[in-house]
Amino acid sequence: MLTDITLGQYFPGNSFLHHLDPRAKIIGTMMFIVAIFFADSLLAYSIVTAFVVLNFIISRLPAKLILKSLRPLWIIIVFTMGVHIFTTPGDVVWQYGILHVTREGIYQGSRMTGRLIYLIVFSSLLTYTTSPIVLTDGIEHLLNPFRRIGVPAHELAMMMTIALRFIPTLLEETDRIMKAQTARGANFTSGSLWQRGKNMIPLLVPLFVSAFRRADDLATAMEARCYRGGEGRTRMNELSYTYRDGIAMTAVLLVTVVLATLRWLV
Amino acid sequence: MSIPMIRLDHMSHIYEDAEGQEVYALKDISLQIEPGEFVAIIGTNGSGKSTLAKHFNVLLTPTEGTCKVCGMRTDDLDNLWKIRQQVGMVFQNPDNQIVAAIVEEDVAFGPENLGVPPDEIKHRVSDALKRVNMTIYAKHGPHLLSGGQKQRVAIAGILAMQSQCIVLDEPTAMLDPIGRREVMDTIRQLNAEGITVIIITHFMEEAVQTGRVIVIQNGELKMDGTPRSVFTKVDALKSMGLDVPAASELAFKLREKGIPLPGNIITKEELGDALCQLG
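Residues numbered from 1 in each chain as written. Chains lettered and ligands numbered in written order. Predicted model: local features only at pLDDT ≥ 70, side-chain atom pairs only at ≥ 80, totals over all residues.

Draft legend 1. Local environment of the UniProt feature "domain: ABC transporter" (unreviewed entry) in chain B. The positions that UniProt labels "domain: ABC transporter" (unreviewed entry) are, in the present scheme, residues 6–243 of chain B. Counted over residues 6–243 of chain B, helix gives 36% and strand 26%. Its end C-alpha atoms are 27 Å apart. (UniProt positions renumbered as here; feature names shortened; annotations may be inferred. Helix = DSSP H or I, 4+ residues; strand = E, 2+ residues; numbered from the N terminus.)

What follows is the structure, encoded as structure tokens:
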């Protein structure tokens with residue numbers, strides 16, 4: 001069923017990470033992603049691993065989510081590994097025709113894929129523990145300072161909110177149109193790819209027409225409720241930093257500093 | 001004498017059709033609605049009743065004549081947001097008027113736009129949800145609600161703006177009978193609390209529950225009076241292509257057959273009583 005699609009990757013929970021302020025989480029995630037690229041030595045990689053694992057434990061999410069987050073990107077991971085293994089010059093440890101694997105290649109490849117994996121796993125932690133609505137709120141607040149240079153922070157956030165609101169509605173609508181067209185003899189499940197693509201037209205046209213009508217209605221309804229852009233608007237749920245965010249930011253900062261030190265000062 | 005909630009003076013709304021012809025959507029309408037009234041506007045499709053409603057919160061402005069809400073002229077742009085805060089609007093399609101992905105956030109949308117402080121918004125939202133009996137759904141996603149519940153959320157969104165008047169444009173047209181009853185019960189109760197309610201409807205059984213019925217036909221005001229005075233003119237309503245409540249129609253037909261029933265029956269109960277007294 002189309003309506004079974006769950007929205008985003010959010011896993012509701014009650015952990016320390018779930019309760020962090022979205023701004024702290026976004027900044028913390030970005031900072032740690034940069035820090036991952038500082039990691040060079042085995043010690044540094046161990047610290048990164050420990051930190052990622054620690055965060056997963058704190059989040060109390062099931063461990064299989066780590067694999068789930070990697071699945072969509074496994075091709076890129078394998079490709080990265082392959083490119084490094086086969087193209088880095090150095091001590092040849094294995095050779096077959098023009099393919100040769102070097103010691104430096106294995107070393108370089110593991111480093112790069114390691115970074116990639118940690119990057120993906122850690123940033124999925126953000127979307128796993130933050131509901132899309134809260135995340136939108138956080139992004140709006142973080143973009144606010146850039147309004148002066150023309151970033152439409154409020155408008156972007158409003159667009160995301162409305163999109164989130166209408167995804168279930170439009171999915172339902174798609175399902176309904178599909179059934180209606182199937183009842184009239186449309187076929188969405190067999191035929192060649194080209195044929196199937198062509199069969200989507202009687203689905204997409206009504207869907208778009210109705211989406212535009214909804215957009216029009218919604219605009220009228222928003223205007224009737226005194227919406228006039230972000231200017232002078234307040235929010236019911238204001239974001240506020242707590243001691244937790246202080247702890248989390250300190251932890252990320254500490255890890256970043258340690259990794260930077262290991263990279264350049266040791 | 002208090003200021004009327006809504007006052008129209010010889011108001012017309014003209015638009016150009018596809019051929020560039022000027023068409024009167026509304027023609028020379030004068031009427032006055034007092035604070036606390038419960039008014040139904042009825043008329044066939046295309047009669048101009050929705051156009052009329054859209055003038056009450058400045059989604060449209062009059063082409064001729066004036067429209068005043070709480071004494072403020074709607075064609076004066078300075079009044080725009082004050083009027084929209086006073087007069088809230090509920091639309092036909094419950095899905096297309098909910099903005100946020102959580103019920104309480106949607107109710108908060110209006111007050112947020114008005115720049116109300118956060119603590120005050122929280123207070124208003126919980127109060128509004130209580131008044132429409134939706135408190136337990138505060139954290140739900142709107143797509144999980146029934147049509148009647150969605151309309152009640154939309155009403156709560158207006159209550160949270162502390163509007164004095166609610167205009168409902170066919171709020172029950174897309175609902176099942178249970179949803180219709182939920183919405184009607186809610187707005188009847190709000191009217192009892194002192195809020196002016198104007199409902200546009202196709203359902204005569206809903207119009208009977210109000211205190212005043214206005215009939216619009218071809219953009220003109222045809223009748224304006226109590227439900228009893230309007231719905232007993234069965235012939236006139238039928239000739240406009242409008243229905244009458246089932247009870248008044250049955251009474252009308254029985255009278256035609258020579259059964260001596262009084263001419264002022266509009267509800268089932270009244271019809272029942274009158275028939276029993278014939279005995």
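From this point, the discussion proceeds with the structure in view.
Draft legend 2. Expanded view of the interface of chain A and chain B. The partner chain B presents 34 residues to the 25 residues of chain A that form the contact. At the level of secondary structure, the elements contributing two or more residues to the side of chain A that touches chain B comprise α7 (153–183) and α9 (201–224) of chain A. Broken down by element, the side of chain A that touches chain B gets its largest block of residues, eight residues, from α9 of chain A. Along the lines of polarity and charge, the residues of the side of chain A that touches chain B split into eleven nonpolar, five polar and nine charged. (Contact = placed C-beta atoms within 7 Å. Nonpolar A, V, L, I, M, F, W, Y, C, P; charged D, E, K, R; others polar.)

Draft legend 3. Molecular detail of the domain arrangement of chain A. One can read the domain layout of chain A as domain 1 (11–130 + 239–264) and domain 2 (153–224). Its C-alpha centre places domain 1 of chain A at a distance of 37 Å from the equivalent point of domain 2 of chain A. (Domains from an automatic or database assignment.)

Draft legend 4. The sheet that holds strand β6 (residues 87–90) of chain B, seen in detail. All names here are of chain B. Read from one edge of the open sheet, six strands run β6-β7-β8-β3-β9-β10, paired in mixed fashion. Across the chains shown, the open sheet's two edge strands, defined by having one partner strand only, are β6 and β10 (220–225). Here the average twist between neighbouring strands, direction ignored, is 20°. By the bridge criterion, four bridges tie strand β3 (residues 38–42) to strand β8 (residues 196–200) in an arrangement that is parallel. Each bridged residue has a counterpart across the sheet, and for Val39 the counterpart in β8 is Ile198. (Pairing = 2+ DSSP bridges. Axes fitted to C-alpha atoms, helices over the stretch in contact; angles between N-to-C directions.)

Draft legend 5. Expanded view of the confidence of the model for chain B. In this model, chain B carries a mean pLDDT of 91, and residues with pLDDT of at least 70 account for 99%. Per the prediction output, this complex has pTM 0.82; the corresponding ipTM is 0.87. (pLDDT = per-residue confidence, 0-100.)

Draft legend 6. Quick peek at the pairing of strand β2 (residues 99–102) of chain A. Residue and element names in this part refer to chain A. In terms of strand pairing, strand β1 (residues 92–96) meets β2 through four bridges, oriented antiparallel. Across the sheet, the residue bridging to Val92 is Thr102, located in β2. The hairpin turn running from β1 into β2, its antiparallel successor, is two residues long, and Gly97 in that turn takes a positive phi close to 60°.

Draft legend 7. Seen up close, α9 of chain A. Between its first and last C-alpha atoms α9 of chain A spans 35 Å; for 24 residues at 1.5 Å apiece the expected length is 34 Å, and the two agree. Looking at the buried residues of α9 of chain A, the elements they touch are α2 (80–86) and β6 of chain B. (Expected span 1.5 Å × (residues − 1).)

Draft legend 8. Inspection of the environment of Glu120 of chain B at higher detail. Secondary-structure assignment places Glu120 of chain B in helix α4 (residues 118–131). Taking the C-alpha atoms as reference points, Glu120 of chain B and Phe231 of chain B, 111 residues apart in sequence, are found 44 Å from one another.

Draft legend 9. Quick peek at the UniProt feature "transmembrane region" (unreviewed entry) in chain A. In this structure's numbering, the residues bearing the UniProt feature "transmembrane region" (unreviewed entry) are residues 32–58, 73–94, 115–135 and 246–265 of chain A. Helix and strand shares over residues 115–135 of chain A are 90% and 0% respectively, and the end C-alpha atoms of the span are 24 Å apart.

Draft legend 10. Layout of the environment of Phe188 of chain A. Residues and elements named next belong to chain A. Examined against the element boundaries, Phe188 turns out to sit in the loop between α7 and α8 (193–199). With ten residues separating them along the chain, Phe188 and Lys198 place their C-alpha atoms 9.4 Å apart. Residues within four places of Phe188 in sequence aside, it is in contact with Met178, Thr182 and Asn199.

Draft legend 11. View of the sheet that holds strand β4 (residues 64–69) of chain B. Residue and element names in this part refer to chain B. As summarised here, the arrangement of the four strands in space is β2-β1-β4-β5, forming an open sheet in which the pairing is antiparallel. Of all the strands in the sheet, just β2 (22–33) and β5 (72–73) have a single pairing partner and so form its edges. Two elements, β4 and β5, share two bridges in a ladder whose sense is antiparallel. Each bridged residue has a counterpart across the sheet, and for Lys68 the counterpart in β5 is Arg73. Where helix α1 (residues 49–56) meets the sheet, it contacts β1 (6–16), β2 and β4, and its direction lies at approximately 60° from that of β2.

Draft legend 12. Summary view of the nonpolar core. Residues and elements named next belong to chain B. Within the largest apolar cluster, 87 residues are counted, with the highest numbers of intra-cluster contacts made by Ile41, Val107, Ala156, Ile166, Val167 and Ile198. For this core, the leading source of residues is helix α5 (residues 147–159), giving six residues. Setting aside residues no more than four positions away along its own chain, Ile166 makes contact with Gly88, Val90, Ile155, Ile158, Ile187, Leu190, Ile195 and Val197. (Core = buried A, V, L, I, M, F, W, Y, C linked by C-beta atoms within 7 Å. Buried ≥ 20, exposed ≤ 12 C-beta atoms within 10 Å, placed from the backbone.)

Draft legend 13. Helix α2 (residues 42–59) of chain A, seen in detail. Residue and element names in this part refer to chain A. Here α2 contains 18 residues, and its C-alpha end-to-end distance of 26 Å stays within 8% of the 26 Å for a straight helix at 1.5 Å per residue. Listed as buried for α2 are Ala44, Val48, Phe51 and Asn55. For α2, the angular spread of the buried residues around the axis is 60°, confining them to a single face. Opposite the buried face of α2, by more than 90 degrees, sit the exposed residues Leu42, Ser46, Ala50, Leu54 and Ile57. If you follow the buried residues of α2, they end up packed against α1 (22–36), α5 (103–129) and α10 (243–264). (Arc of directions from axis to C-beta.)

Draft legend 14. Summary view of the environment of Ile158 of chain B. Relative to the assigned elements, Ile158 of chain B resides in helix α5. Apart from residues lying up to four places away in sequence, Ile158 of chain B is in contact with Gly88, Val90, Gly110, Ser163 and Ile166 of chain B.

Draft legend 15. Looking closely at the packing of helix α4 (residues 74–87) of chain A against α5 of chain A. All names here are of chain A. Relative orientation of the contacting elements α4 and α5 amounts to 160°, with a least axis distance of 7 Å. In this view, α4 runs roughly antiparallel relative to α5, as classed from their interaxial angle. When the axes of α4 and α5 are compared, the crossing they make is right-handed. Across the interface between the two elements, Ile77, Thr80, Met81, His84, Ile85 and Phe86 of α4 pack against Gly105, Ile106, Gln108, Gly109, Met112, Thr113, Leu116 and Ile117 of α5. Among the residues making up the contact of α4 with α5, the classes are represented as eight nonpolar, six polar and no charged. (Parallel < 35°, antiparallel > 145°, perpendicular 65-115°, else oblique. Left-handed = near helix turned anticlockwise from the far one by under 90°.)

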